[in-house]
Each structure stands twice: as C-alpha cells, then as structure tokens.
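Each chain, written out:
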Amino acid sequence: MYWVRRGTILVSLFLIISFVAWFVPRALDPTRVSPERRARDRLWVNSSPYFWDRQLCRWISVCGLNHLRRDPAALFNPNPPVGGDGDGDDDDDTGDLAFGELRRRALAADVPPRSWEEPDDSSEDSAGGFVRQRPDMKRNPTERRKILKDIPDYVTKYAPLVHLYSGEQFWPSDIREHIQHMNVSVNGEMLNQTNKWTLNNLNQLNEHRGFVVLHSLDDVETRPDWLHSHFNRPGPFPDNGDDGDEHPVVDDDDMPVYRKEPTSWFDVDKQHPLHRIADPRPKTHRQRRRSEPPRIARRGHKPDADGYSKAPAVLVIVDKGSGVVDAFWFFFYSYNLGQTVLGIRFGNHVGDWEHCMIRFENGEPRGIFFSEHEGGQAYAWDAIEKRGVRPVIYSAVGSHAMYPLPGEHPYVLPFRMLKDVTDKGPIWDPSLNNYAYHYDYTKENRWDTRDPWDDKVSRVGKTESLVPAASNPDAPTSWFHYRGRWGDEVYTLADIRQWRLFGQYHYVTGPSGPKFKHLDRSKLCQSYRCRILYKIDPKRTWY
C-alpha cells in the first residue's frame, strides 16, 4: 500500500504539473485560436506514425519525445553538404523532404549574388555586367500614375539604432538573398515551379489557393551559411569614451494616457482625425510644470557612418491624416532561434520579421512601438533611451524580439523559465541601408490585409497602394503583397526535427510579411488593447 500511495501521489503531481504547463501558455497566448487552426492541429497530431505518441499528444500535449535532442545555435561546420555527394543518389532516407534534389535544382539555376539595388529583371551584357531595365512608362499606366515622394527629414533624424546581441548567431538578412534559398509549398506539397521567384514577381504566388509558404531548400539543422548571415554583421560603432545615452524618463504610470497628452495622437487614422484634449488640471499647476527645468539634459553625439549592414531594412511610411505619420522600420532575419526551457529549445522558425513603429505628430515623435513575439509594447517618446535624439532598441539573442533595455526579459512562463536576453552588442543603423516606401492603406481591398491564411481574402489584391520613395525609385514592390509565409510550414510530427511539449513546438511556421502587421492601425500597438507606458520597468515580470 505504501508504494501504491507514493505512486498515486507522483502520478497526480505529474498530471497537475502537465496541466498547468499546458494551460498557462494558452491562457497567456495573445493570438486567437480559430476553428481552422484547431483543425490543422488535429491533422498535425495524426501525422505521427506511433499510437502512444498521438495519445500523449492529445491527453497531455507531449509529442515527439523520441525526437528530443540538443539543438545548438551553431555547428562546428555550419555548412555541410546536403543530399549526398552530387552523384545523383539521394542520401536522405527520412522520406519527408528530398533536400538533395531541391538543393541541386537551386544550384543549377543559381546566379552570382548581387546588391539589392540591382533589379531582378536585369539582363546580362557581353562583359558579364548587368544592364538596368527601366520600367516602360508608356505601356504601364500604373507606373505613369506613381508619384514618388521623398522620405520626410524627421523620419531619418529620429531613426532607431538597434543593439544586436553580442553573441548573436543569426544576423540581419537580405530578403532578396533569402528567397534564392527557398522553394514554394502549397498546402504541404512542393510547387513544380518553372519561374525563378524574385522580389519583383513574388505576389504571383497569391494566385494559388490554400497555404502558401516559402520552404527552405536546405535542412536548416545543418545550419547553412545563409541562415547565419555573418557577412551582414554591422561594423563597430564609435563610443569615444562616452556612450551618449539619454536615460529613460520615469513618470507617473498610473495616470491615463488622455491625461498626459494634448492631442489624440495615440489613436488616429484617416477615419478618426486628430483632436485636441483639454487639460483637466488647474491652470496654476500647468504654469508651475512649464516653469520647471527639463528633467533630462540633451547630451551625446549623433552616430556617424559606422553601424552599416549589408542587409537592407525596410522603411514604410504611412500617413494617418491630421499631421500624424507612422514610420515602420522592419528588420528581417533568415532564421529565428527559439529559447530554451529546462534545456529544451522551442519556437525555431525560418524567416523572422521584427519591427518598430515611430508615430509623429506634425514632424515631432510622440510614441514608439516595439514588436515582441506575438505581441509588443508601446512607449511614450520620452520614456525611451536615446543616443542624441535617436531611440535605442535592444534585440534579443536568437528571437530578435525588441526591448527598451538590456538584460533579461521573462515572458509567458513564471520563475524566468522562458526569457529573452539583450545586451549592448553591435549597433545596427537601419537608416544607412534600406528599402523605403510610402503606403496608402485606403487603396487596398477590404480583405487584402487580413490573416494571410484566411481563405476569404482577395487572392491578388491591389498593388498600387505601395510606392517606392524617391530615394529608391526602382525598389521592388511585388514582394510586399505576397500573402504567404516567409519560412517553412510547421514540420509534421513524423519529422525527426519536430517535437511538442505542453503546447510549445520545436519548429513553428514562418511569419507573414510587413503588409500584415496592421499598418492601418489607429493605435500605437498591434493589438486592439493598447497601453502606452510612460516609464520603463527594469524588473519587468513575466506576466
């Protein structure tokens, strides 16, 4: 009886812990679980060839235990040969993906890499160089109607500086190079493609119905060089003995946003114009606050040309009316390395889009938004650390989530079991190399900016809503309207690279592109519930 009681207690504790570990991530998940997503999950569970694996997955959400193994960020030899020795025999015996054949097909059609400024539809001259093909204005009325506008000076003046992690293994990537290493999958089946997909024709994939994803030609666990993008690491940033940091403002956080701001800049778009907010405080109090000296003295220096990365960022300017302009800075990485819990890694995916958004009112910055995993956080402008007048962002190692401070940032799970880590690593200045665009969301069809996997959307959509800025008139636009995902679809449970513990996957599906990050939002945040913080809590808790 003693052993029976002890066994019952241990089993009960295991079940309770399993339920809590399964329930907590779902309760804190900011995304809505649709019936279609549940149906896809059932199909995913059924992909396991083992009965008990499927049952454990359904009962306590523990799947693929036989696949558990170490998943280091980098290998000693990051680019081993894939798919055999090139003699035509495929050494891949997993039966899931013919990596060798896909790789050989890509190499056969490969061309020398070139700068992103060179258009994809260039033709080669007799000397081996590329001749720029200008758009035909006479035959293309869409091109004739484009009015190229400059990027406002204040957008560049207040452009962010990104501290990448000092020990980062997956650096900023060029989206043009990224798609050269990708095939296309439609509803889980590889597309028998004849076209070479480029940034100038990627939106043609919207004609396919179903789940369209870019799928890696390489097995990502071999860590090919293009995933790491070591050559895109920014150069050193001069400190001159003084980091020039402007420390964040500490303010009363419990005061509602409408009590702190003179206008409604925090919730505005072309349907909801800007309006002034009367200050409810007594006049004598307002006069006393204006007479006080500023709490922060401007000091430091403006960055010079160092901080340049060969990987271009993406700048999208969105005019919300009433003098309010949103400047979206998008940062792309070819690989997202997930974080570890008890030594087990979760959340890897191919392709990673992160962004910050700075909201301007009449040319003055008022607030900034940082993307963090499925959510994000908005801050008042004075709360953020700056170098000179430029805001400083800290990018987490592996996941590239964005934070206002260096250090540890726990999320989702208690006891700091799951956390991002940031530090003052190399500084990336995205203003030195970027694709720059103006975007008018009012020119989109109703369904064009919905969830890319929603089957009710318009498949192709309008393309004249995005116009290159005058600084790069030939910048490609087709890629922006591509509705699919930028990385592999979640690997099946039969794949030896995949496991799921308590609702968290080793590999998840790659992200959608910048167009589907709610660029038309009236609030500063991506989600409807937007809370603007007026101070930064260095002891931020997981909830």
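Being a predicted model, the structure only gives us computed values, none of them experimental.

**Notes on the overall build of the protein chain**
Within the protein chain, the regular secondary structure consists of 10 helices and 26 strands. The buried share of the protein chain, taken over its 543 residues, is 48%. A sequence separation of at least 24 residues applies to 73% of the contacts in the protein chain between residues at least 6 apart. Approximately 27,300 Å² of the protein chain is accessible, and the part contributed by carbon and sulfur atoms is 53%.

**Examining the side chain of S399**
Structurally, the position occupied by S399 is in the loop between β17 (390–395) and β18 (402–403). Judged by relative accessible area, S399 falls into the buried class, the value being 3%. At a separation of 2.9 Å, a polar atom in the side chain of S399 contacts the side chain of D420. Excluding anything up to four places from it in sequence, S399 contacts N336, L337, Q339, D352, E354, H373 and D420.

**Observations concerning the sheet that holds strand β23 (residues 466–468)**
Across the sheet, which stays open at both edges, the eight strands sit in the order β23-β22-β9-β10-β13-β14-β15-β26 with mixed pairing between neighbours. With one partner strand each, in any of the chains shown, β23 and β26 (532–533) form the two edges of the open sheet. Bridge count for strand β22 (residues 434–439) against β23 is three bridges, and the pairing is antiparallel. By the bridge assignment for β23, Y437 is matched with P468.

**Side note on the pairing of strand β7 (residues 212–216)**
Within β7, five of the five residues are buried, leaving the element largely enclosed by the surrounding structure. Of the two faces of β7, both are covered, the one formed by V212, L214 and S216 as well as the one formed by V213 and H215.

**Considering the nonpolar core**
General note: in soluble globular proteins, nonpolar side chains tend to be found buried as a group. By size, the foremost hydrophobic cluster in this structure holds 48 residues, and its most contacted members are L205, L214, W479 and W486. Counting residues in each nonpolar core, the second largest holds 32 residues, with C356, I393, W428 and I536 among its members.

**Describing the state of the cysteines**
What the rule picks out here adds up to one disulfide. What pairs with C57 in a disulfide is C63, and their sulfur atoms sit 1.8 Å apart. Judged by the torsion about the S-S bond (80°), the C57/C63 disulfide is right-handed. Of the two residues, C57 and C63, neither departs from the other in class, the shared state being buried.

**Remarks on the pattern of salt bridges**
By the definition in use, this model includes 11 salt bridges. One salt bridge in this structure joins D71 and R223, with 2.8 Å as the shortest N-O distance. Here D71, found in the loop between β1 (62–63) and α4 (99–108), pairs with R223, found in the loop between β7 and α8 (225–228); they are 152 residues apart in sequence, far enough to count as distant. Look at D71 and you get buried, because its relative accessible area is 10%. A residue is classified by how much of its surface remains accessible, and R223, at 1% relative accessible area, is buried. Among the ionic contacts, a cluster of salt bridges with common partners joins D71, R223 and R345.

**Some details on the sheet that holds strand β6 (residues 189–190)**
Taken in spatial order, the three strands of this open sheet run β6-β5-β7, and their pairing is antiparallel. Edge positions in the sheet fall to β6 and β7, since each has one partner strand and no second.

**Re the side chain of N433**
Mapped onto the elements of the fold, N433 is located in the loop between β21 (427–428) and β22. Among the polar contacts made by the side chain of N433, one reaches the main-chain carbonyl oxygen of K310 at a distance of 3.2 Å.

**Examining the packing of aromatic side chains**
This model, assessed by the stated rule, comprises 24 aromatic pairs. Geometrically, the ring pair formed by Y154 and F360 is tilted, given 4.8 Å between the ring centres and 55° between the ring planes. A residue pair is termed long-range when its members are at least 10 positions apart, and Y154 in helix α6 (residues 153–157) and F360 in strand β13 (residues 349–361) qualify at 206 residues. When its relative accessible area of 21% is taken as the criterion, Y154 is described as partly exposed.

**Some points on helix α3 (residues 51–60)**
All of the buried residues along α3 are D53, R54, Q55, C57 and I60. Count one or two residues on from α3 and you reach S61, which has phi positive near 55°.

**Remarks on unusual backbone geometry**
A positive phi angle, close to 50°, is found at S229, a residue other than glycine. Along the chain, the position of S229 falls in the loop between α8 and β8 (245–246). Using a relative accessible area of 1% as the deciding quantity, one classes S229 as buried. One non-glycine residue, L342, adopts positive backbone phi at about 55°. Summarising the element assignment, L342 is placed in the loop between β11 (339–341) and β12 (344–346).

Calculation rules
- Residues numbered from 1 in each chain as written.
- Predicted model: local features only at pLDDT ≥ 70, side-chain atom pairs only at ≥ 80, totals over all residues.
- Heavy atoms only, no water.
- Helix = DSSP H or I, 4+ residues; strand = E, 2+ residues; numbered from the N terminus.
- Buried < 20%, exposed > 50% of the residue type's maximum accessible area, 1.4 Å probe, protein only.
- Contact = heavy atoms within 4.5 Å.
- Areas by Shrake-Rupley, 256 points an atom, 1.4 Å probe, with all protein chains shown as cover.
- Polar contact = N/O pair within 3.5 Å; in protein donor to acceptor, adjacent residues only side chain to side chain.
- Pairing = 2+ DSSP bridges.
- Core = buried A, V, L, I, M, F, W, Y, C linked by side-chain atoms within 4.5 Å.
- Disulfide = S-S within 2.5 Å.
- Salt bridge = Lys/Arg side-chain N within 4 Å of Asp/Glu carboxyl O.
- Phe/Tyr/Trp six-rings, centres within 6.5 Å; stacked < 30°, edge-to-face > 60°.

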